[in-house]
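# Structural overview for review
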Amino acid sequence: MWTCPLCEREFTTTNQVHSCRDRELSEALNGKTPHTIALFDHLVDEYLQIDGVKVYPTKSMIALGARANFAYVTQLGKNFIDVVFPFKQVYDDNLCFSKIKQVPGTDQFNHYFRMYFKEDINDEVRKYMRMAWESGV
């Protein structure tokens, strides 16, 4: 593990590119609807049932991580949240991802999940959440 000497955040890669700017979660959720905040809280609660999770609000998204980041909330809409799970392979035999795209120049495939209701996190989604979490520990 490498610890940034400026922000003291831990990374698995030495000199990991990141933003040291401190941002509070309340700042990232400011102005969002109560429904959207409840969806976000539910996502985090679901991860807490797996194990520990760290929440890293950034300028453009909210990263969820353990030893490494394993999921990203990329959009907090009026009545939904968009979550991206990065995997090293494509999991296209599913009903939960709206799209799967390879990150250019990498072996990473981003799997996009849009959550409208707490019930959208079903057993299938939990399976992929666990797989993502395991990649981050």
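You'll find the structure just up there.
Residues numbered from 1 in each chain as written. Predicted model: local features only at pLDDT ≥ 70, side-chain atom pairs only at ≥ 80, totals over all residues. Heavy atoms only, no water.

The next thing to look at is the sheet that holds strand E5 (residues 69-76). Here six strands make up an open sheet; going across it, the order is E3-E4-E5-E6-E8-E7 and the pairing antiparallel. The outermost strands of the open sheet, each flanked by one partner alone, are strand E3 (54-57) and strand E7 (99-102). Put simply, the sheet's adjacent strands are angled 25 degrees from each other on average, direction ignored. Pairing between strand E6 (residues 81-87) and strand E8 (residues 109-115): seven bridges, direction antiparallel. Bridging from a neighbouring strand, Val83 pairs with Phe113 of E8. Contacts between helix H3 (residues 123-135) and the sheet are confined to E5, E6 and E8, with E6 contributing the most and set at about 55 degrees to the helix. (Pairing = 2+ DSSP bridges. Helix = DSSP H or I, 4+ residues; strand = E, 2+ residues; numbered from the N terminus. Axes fitted to C-alpha atoms, helices over the stretch in contact; angles between N-to-C directions. Contact = heavy atoms within 4.5 Å.)

This brings us to the nonpolar core. Soluble globular proteins: nonpolar side chains tend toward being buried together. Counting residues in hydrophobic clusters, the biggest one holds 30 residues, and the most contacted among them are Leu43, Tyr47, Phe70, Phe85 and Phe113. Elements represented by at least two residues in this core include exactly helix H1 (25-29), helix H2 (34-50), strand E4 (62-65), E5, E6, E8 and H3. In terms of residue count, the dominant contributor to this core is H2 (six residues). Filtering out sequence-adjacent residues up to four positions away, Phe113 remains in contact with Ile81, Asp82, Val83, Phe85, Cys96, Phe97, Asp120, Ile121 and Val125. (Core = buried A, V, L, I, M, F, W, Y, C linked by side-chain atoms within 4.5 Å. Buried < 20%, exposed > 50% of the residue type's maximum accessible area, 1.4 Å probe, protein only.)

What follows concerns the packing of aromatic side chains. As enumerated under the stated definition, the model contains seven aromatic pairs in all. Clustering of aromatic rings is evident, with ring pairs tying together Phe85, Phe87, Tyr91, Phe97 and Tyr128. Of note, Lys99 hangs over the ring of Tyr112, and the distance from its end group to the ring centre comes to 4.6 Å. The positively charged end of Arg114 is found above the aromatic ring belonging to Phe80, 3.8 Å away from the centroid. (Phe/Tyr/Trp six-rings, centres within 6.5 Å; stacked < 30°, edge-to-face > 60°. Lys NZ or Arg CZ within 6 Å of the ring centre and 35° of its normal.)

Attention now moves to H3. Helix length check: H3 (13 residues) gives 19 Å between terminal C-alpha atoms against 18 Å at 1.5 Å per residue, within 8%. Among all positions of H3, only Val125, Tyr128, Met129, Ala132 and Trp133 are buried. When H3 is viewed along its axis, its buried side chains cluster within an angular range of 140 degrees and face the same direction. In the core, the buried residues of H3 are packed alongside H2, E5, E6 and E8. The N-cap of H3, judged by a side-chain oxygen 3.1 Å from the amide nitrogen of Glu124 a few residues on, is Asn122. (Expected span 1.5 Å × (residues − 1). Arc of directions from axis to C-beta. Polar contact = N/O pair within 3.5 Å; in protein donor to acceptor, adjacent residues only side chain to side chain.)

On to the environment of His111, then. Within the secondary structure, His111 is located in strand E8. Residue classification places His111 among the buried positions, given a relative accessible area of 0%. Residues His111 and Tyr91, 20 residues apart in the sequence, show an inter-C-alpha distance of 8.0 Å. Not counting chain neighbours up to four residues away, the residues in contact with His111 comprise Val83, Val84, Phe85, Phe87, Gln89, Val90, Tyr91, Phe97, Lys99 and Ile100. Polar side-chain contacts of His111 include one of 3.0 Å to the backbone nitrogen of Tyr91.

Turning our attention to the pattern of salt bridges. All chains considered together, the criterion is met by four salt bridges. The salt bridge partner of Lys88 is Asp107, with a shortest N-O separation of 3.1 Å. Taken together, the positions of Lys88 in the loop between E6 and E7 and Asp107 in the loop between E7 and E8 put the pair 19 residues apart, joining distant regions of the chain. Residue Asp107 is classed as partly exposed on the basis of its relative accessible area of 45%. Note that Asp123 and Arg126 form a salt bridge whose closest N and O atoms lie 3.2 Å from each other. Taken together, the residues Asp123 and Arg126, both in helix H3 and three residues apart, mark about one turn of the helix. (Salt bridge = Lys/Arg side-chain N within 4 Å of Asp/Glu carboxyl O.)

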